[in-house]
Amino acid sequence: MISLQQDTQGFIRMKRHFPASVSVAVTFNDGTQEIFSGQRLNEIYDQALAAYRAGNHLDAKGYERGPKKKVQQAIEFVPVQPGMAN
């Protein structure tokens, strides 16, 4: 089992997908803890990544089709809150 702690802004650090079958315990700021499946956290990560890309005018693969400039293509922090494990 993997244990993660929510930061003060409501995010967990997640740079990549977890194996779908792994259990992940997330401890929230209020002291509660919830068990997520790796598959559910991967879905939350994918939603956050899609929102980031849409907000920064990137295509589905993370590329900007406009003028060339360096753009971060991935995210490292994912917002979570109690009740998202279902």
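Our subject is the structure listed above.
Below or above, wherever it landed, is the structure these notes cover.

1. Some remarks on the nonpolar core
As a rule of thumb, soluble globular proteins bury nonpolar side chains together. Ranked by size, the top nonpolar core spans 19 residues in total, and within it V26, F36, L41 and V78 carry the most contacts. When residues of this core are traced back to their parent elements, those giving at least two are strand 3 (23-27) and helix 1 (38-55). Not counting the four nearest positions on each side in its chain, F36 is found in contact with V22, S23, V24, V26, F28, L41, I44, M84 and A85.

2. Here we look at the environment of P79
Mapping P79 onto the fold places it in strand 5 (residues 77-79). Spatially, the C-alpha atom of P79 lies 9.5 Å from that of D7, the residues being 72 residues apart in sequence. Apart from the residues lying within four places of it in its own chain, the contact partners of P79 are G10, F11, I44, A48 and M84.

3. With respect to the pattern of salt bridges
All chains considered together, the criterion is met by 2 salt bridges. A salt bridge links E76 to R13, with the nearest nitrogen and oxygen atoms 2.3 Å apart. Within this pair, whereas E76 is found in the loop between helix 1 and strand 5, its partner R13 is found in strand 2 (residues 11-13), the two being separated by 63 residues in sequence. E76 gets classed as partly exposed once you look at its relative accessible area, which sits at 24%.

Each value, and the rule that gives it
- Along each chain, residues carry numbers from 1 onward, in the same order as the chain's sequence is written.
- This being a predicted model, a pLDDT of at least 70 is required before a residue's local features are given, and a value of 80 or more before pairs of side-chain atoms are given or counted; all residues contribute to the totals for chains, interfaces and linings.
- Side-chain metrics rest on all non-hydrogen atoms present in the structure, leaving aside hydrogens and water.
- We call a set of buried Ala, Val, Leu, Ile, Met, Phe, Trp, Tyr and Cys residues a nonpolar core when their side-chain atoms join them within 4.5 Å.
- Relative accessibility decides the category of a residue: with a 1.4 Å probe and only protein chains considered, values under 20% of the type maximum give buried, values over 50% give exposed, and everything between is partly exposed.
- Strands here are runs of E lasting at least two residues and helices are runs of H or I lasting at least four, both read from the DSSP assignment and numbered beginning at the N terminus.
- We call two residues in contact when some of their heavy atoms are within 4.5 Å.
- Just to be clear on terms, a salt bridge is a Lys or Arg side-chain nitrogen sitting within 4 Å of an Asp or Glu carboxyl oxygen.

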